[in-house]
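Notes for the structure review
One letter stands for each residue in the lines below.
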Amino acid sequence: MVRRGYCVVHAPTLPRTPAVPSIAMATIEECRSALDKLSDSMQRAEGDVREAAALDRSVSCHVTDLDVTFVGRMRGGRIEVRDTVPGPPPDKAAIRLAMTGDDLVALVDGELNFATAWGSGRVKLHAGLRDLLRLRKLL
């Protein structure tokens, strides 16, 4: 893939860890797989986490380094990705995330702490106050 005059090398077999920079970059397929894995985890959740996951809201996840956005809906404890669009989200979803593909994969795999990533600006989360209060149980 060539982006803005640079050649990006993808080597999906390289290990990804947040503390170690890598020339590899998560692919669209890996990001979609991470969202599916997150959705599966939400579906299996219990108690307060399950209640927080039961929101019915539009969702978008902008993968900044790939400049692609996954748009869909959080419903019934799952994230249903309906479309993948180039660039930033075309519409303002109720819950909006933005991060690099590597950070998305690391978050879902448990290698990156959400609070730390959010506090440092690596992950951006935009939602209404009520939704943020419920989502904190998930994160």
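It should be noted that the structure appears before, not after, this text.
Described in the following lines is the structure provided in the data block. (Residues numbered from 1 in each chain as written. Predicted model: local features only at pLDDT ≥ 70, side-chain atom pairs only at ≥ 80, totals over all residues. Heavy atoms only, no water.)

Let us look at the pairing of strand 6 (residues 95-99). The sheet contact formed by strand 3 (residues 57-63) and strand 6 spans 5 bridges and is parallel. Bridging across to strand 6, Cys-61 finds its partner in Leu-97. Inspection of the sheet shows strand 6 paired to strand 7 (residues 124-126) by 3 bridges, in the antiparallel sense. Residue pairing across strands places Arg-96 opposite His-126, the latter belonging to strand 7. (Pairing = 2+ DSSP bridges. Helix = DSSP H or I, 4+ residues; strand = E, 2+ residues; numbered from the N terminus.)

This part takes up the sheet that holds strand 6. Across the sheet, 5 strands lie side by side as 5-4-3-6-7; this open sheet has mixed pairing. Of all strands in the sheet, those with a lone pairing partner are strand 5 (78-86) and strand 7, marking the two edges. Ignoring strand direction, the axes of neighbouring strands in this sheet form an average angle of 20 degrees. Each of strand 3, strand 4 (68-75) and strand 5 touches helix 1 (residues 28-44); the most contacted strand, strand 5, lies at about 160 degrees to it. (Axes fitted to C-alpha atoms, helices over the stretch in contact; angles between N-to-C directions. Contact = heavy atoms within 4.5 Å.)

Tallying each qualifying case throughout the model produces 0 disulfides. Considering cysteine sulfurs only, Cys-61 is the nearest to Cys-31, which forms no disulfide, with 7.4 Å between them. Taking relative accessible area as the criterion, Cys-31 reaches 0% and is therefore assigned buried. (Disulfide = S-S within 2.5 Å. Buried < 20%, exposed > 50% of the residue type's maximum accessible area, 1.4 Å probe, protein only.)

So yeah, pure geometry; function would need other evidence.
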